[in-house]
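Observations on chain architecture
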Amino acid sequence: MSRVGKMPIALPKEAQATIAADQITVKGPLGTLSQALKSDLVRITNDNGTLKFEAANDSREANAMSGTLRALVNNMVVGVTKGFERKLTLVGVGYRAAVQGASLNLSLGFSHPVVHQLPEGVTATVPAPTEIVIKGADKQRVGQVAAEVRAYRPPEPYKGKGVRYADERVVIKETKKK
């Protein structure tokens with residue numbers, strides 16, 4: 001059986017999980033998240049605030065799905081209690097960011113400003129003009145928004161200019177010699 005799927009999830013006091021036939025819903029102070037279930041492959045039990053996952057049969061797919069579903073539900077529990085954040089850094093002369101309502105305004109060296117609309121449940125803050133912090137309860141959505149913002153101007157390998165993750169290391173190439 002999957003080693004990840006064997007580990008139970010302890011629900012914090014502020015989080016509640018509701019298990020239906022086709023989906024699981026986790027509610028907490030930062031919002032509500034739900035995940036579709038394959039009830040023919042994975043069985044979930046709520047045992048006094050502890051979620052336990054087990055494969056419904058001995059198939060390889062059920063074993064893999066139990067670990068996958070356990071990881072997804074664990075991310076939901078962490079998301080609705082603590083939340084997730086992704087930090088981006090803008091490197092380059094004149095590169096800056098600002099937040100206006102539900103949109104992120106970026107100045108990235110183009111002839112026009114780039115306006116990125118933030119989806120529901122994701123917020124962005126700009127502590128400094130060259131730093132962006134994207135926060136939300138859904139880990140996948142936060143990572144997707146960060147990847148979309150980075151895709152406007154990914155770091156280039158010669159000067160390192162562009163939008164990068166705060167923990168990303170860009171390897172600078174040496175220029176061609178004559």
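Notes on the structure follow. (Residues numbered from 1 in each chain as written. Predicted model: local features only at pLDDT ≥ 70, side-chain atom pairs only at ≥ 80, totals over all residues. Heavy atoms only, no water.)

Another aspect to go through is the sheet that holds strand β9 (residues 103–107). Strand order in the open sheet made by the 3 strands is β8-β9-β10, with antiparallel pairing throughout. Of all strands in the sheet, those with a lone pairing partner are β8 (96–100) and β10 (114–117), marking the two edges. Each adjacent strand pair in this sheet contributes to an overall mean axis angle of 20°, direction not counted. Where β9 and β10 come together, 4 bridges link them in antiparallel fashion. By the bridge assignment for β10, L106 is matched with V114. Where helix α3 (residues 139–152) meets the sheet, it contacts β9 and β10, and its direction lies at approximately 170° from that of β10. (Pairing = 2+ DSSP bridges. Helix = DSSP H or I, 4+ residues; strand = E, 2+ residues; numbered from the N terminus. Axes fitted to C-alpha atoms, helices over the stretch in contact; angles between N-to-C directions. Contact = heavy atoms within 4.5 Å.)

With respect to the helices, strands and loops of the structure, T25 is situated in strand β3 (residues 23–28). Judged by its relative accessible area of 19%, T25 falls in the buried class. With residues up to four places along the chain from it excluded, the contact list for T25 reads Q16, A17, T18, T32, L33 and S34. (Buried < 20%, exposed > 50% of the residue type's maximum accessible area, 1.4 Å probe, protein only.)

Our focus in this paragraph is the nonpolar core. In this structure, I24, I44, L51, F53, L69 and V73 are the most contacted members of the largest nonpolar core, which totals 21 residues. Counting only elements with at least two residues in this core, the list comes to β3, β5 (42–46), β6 (50–55) and α2 (60–81). Considering each element in turn, this core owes the most residues, 6 residues, to α2. When residues no more than four places from it in sequence are discounted, the contact partners of I44 are I19, I24, L37, L51, K52, F53 and L69. Within the second largest apolar cluster, 19 residues are counted, among which are L90, V142, V163 and Y165. (Core = buried A, V, L, I, M, F, W, Y, C linked by side-chain atoms within 4.5 Å.)

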